[in-house]
Amino acid sequence: MKILVTGGAGYIGSITTAELIAAGHQVIVLDNLYQGHAAAVPPEATFVQADLADREAVEQVFEQHPHIDGIMHFASYTLVGESMQEPLRYLRDNLVNAANLLEAAVTNGVRRFILSSTANLFDDPTTMPIEPDDRIVPGSPYGESKFFIERMLHWFDRIYGVKSICLRYFNACGDTPGRGEDHDPETHLIPLVLQVALGQRPHITIFGDDYPTRDGTCVRDYVHVVDLARAHILAMENLDRIGSRKFNLGNGNGYSVKEVIEMARKVTGHPIPHVVGPRRPGDPATLVASSNTIRQELGWQPRYPDLESIMRSAWEWHSSHPHGYKS
Ligand code: UDP
């Protein structure tokens, strides 16, 4: 298939692009390089530097690359904490950018869409692990922006016949030997812990140890980026068969912040000092996904089902690229 990947120079988008190419698909990457890295884009992909905010530029991508079979939409502002500081960037820009993309898709007859959605839709879960049809309570303007886009896709299916799969992933992590996580500033737990092991930070701060969990620290479901990439490809390849759907995506195992730090100690051999700080606003105690529906309907099986294999892949990337793509 010929796939347009927005955000294909970013962490999850570039690794998905590489997996798409390995699976025999043709990829056009659209990225404004605001957060992405040109070096992350696989050379086999066609790279277009453009901003989704620029409607004409988006339309041109479709004109210059006719017969696109489907879109994978990763390009977005993605930080929960930042969205609490700058809500409009999320509520306006994430939504407008998706609208511009969908407008051009419909104009050009593209009817397949895979959305990178989020566990931040479930701020007040009623079940654990969380099922895709649990009630939606966005935890931040970031989560709300993804919910808006899910709703926009609902109407674009009804009105224009655009079929979509929304993949709500839990904690994306892990790396591949050639591509990995390189955010500036870095805010995610696993890369930060590994930066301590690399001597780039003196310690990791645990955001609260008074949660109602087994050791008082937050429990999350860590899912490997390659497993996310494969879910996107399965979703695109099976979209015509199963139609519009929403899936939660995680390993179904929860690990606490302290357990993540302990695993990093084991994998790196570094003592990784920690201090305990206050809670981070907006963090629920526990988030674990039920991925039963995507397992059953698409045969998705994680290749990295445990934290140790995830941490080893992350350590391989971070220790060989201590300064990310600049290394
Ligand atoms: N966390 C932490 N210290 C840090 C960064 C994160 O204790 O320096 C915790 C955070 O409170 C959350 C978990 O680690 O419970 C995962 O956070 P991350 O930012 O990696 O992902 P998120 O859950 O926000 O998607």
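Conventions we followed
Residues numbered from 1 in each chain as written. Predicted model: local features only at pLDDT ≥ 70, side-chain atom pairs only at ≥ 80, totals over all residues. Heavy atoms only, no water. Disulfide = S-S within 2.5 Å. Pairing = 2+ DSSP bridges. Helix = DSSP H or I, 4+ residues; strand = E, 2+ residues; numbered from the N terminus. Buried < 20%, exposed > 50% of the residue type's maximum accessible area, 1.4 Å probe, protein only. Arc of directions from axis to C-beta. Contact = heavy atoms within 4.5 Å. Near = heavy atom within 4 Å. Polar contact = N/O pair within 3.5 Å; in protein donor to acceptor, adjacent residues only side chain to side chain. Areas by Shrake-Rupley, 256 points an atom, 1.4 Å probe, with all protein chains shown as cover. Nonpolar A, V, L, I, M, F, W, Y, C, P; charged D, E, K, R; others polar.

**Considerations on the state of the cysteines**
As enumerated under the stated definition, the model contains 0 disulfides in all. Cysteine Cys-173 remains unbridged, with the sulfur of Cys-218 as its closest cysteine sulfur at 16 Å.

**A few points about the sheet that holds strand 9 (residues 219-220)**
Strand pairing within a sheet occurs via backbone hydrogen bonds; the two strands may be parallel or antiparallel. Taken in spatial order, the 3 strands line up as 12-9-14 in an open sheet, and their pairing is mixed. Each edge of the sheet is formed by a strand with only one pairing partner; in this case those strands are strand 12 (255-256) and strand 14 (286-287). Across 2 bridges, strand 9 lies against strand 14 in parallel orientation. Bridged to Arg-220 within strand 14 is Leu-287.

**A word on helix 2 (residues 55-64)**
Within helix 2, the full set of buried residues consists of Ala-57, Val-58, Val-61 and Phe-62. Along helix 2, the residues classed as buried sweep out an arc of 145 degrees about the axis, all on the same side. Residues Arg-55, Glu-56, Glu-63 and Gln-64 are exposed on helix 2 and point more than 90 degrees away from its buried face. Residues of helix 2 that are buried in the fold lie against strand 1 (2-6), strand 2 (26-31), strand 3 (46-49), strand 4 (70-73) and helix 4 (87-107).

**Considering the site of the ligand**
Taken together, 15 residues sit near the ligand, with Leu-189, Thr-205, Phe-207, Arg-280 and Asp-283 positioned nearest. The backbone of Thr-187 places a nitrogen or oxygen atom 3.5 Å from an oxygen atom of the ligand. Protein contacts shield 88% of the accessible area of the ligand, which totals 510 Å² for the unbound molecule. Elements represented by at least two residues in the shell around the ligand include exactly helix 6 (189-197) and strand 8 (204-207). A total of 4 residues in the shell around the ligand trace back to one element, the largest contributor, which is strand 8. Here the shell around the ligand is built from residues that sort into 8 nonpolar, 4 polar and 3 charged.

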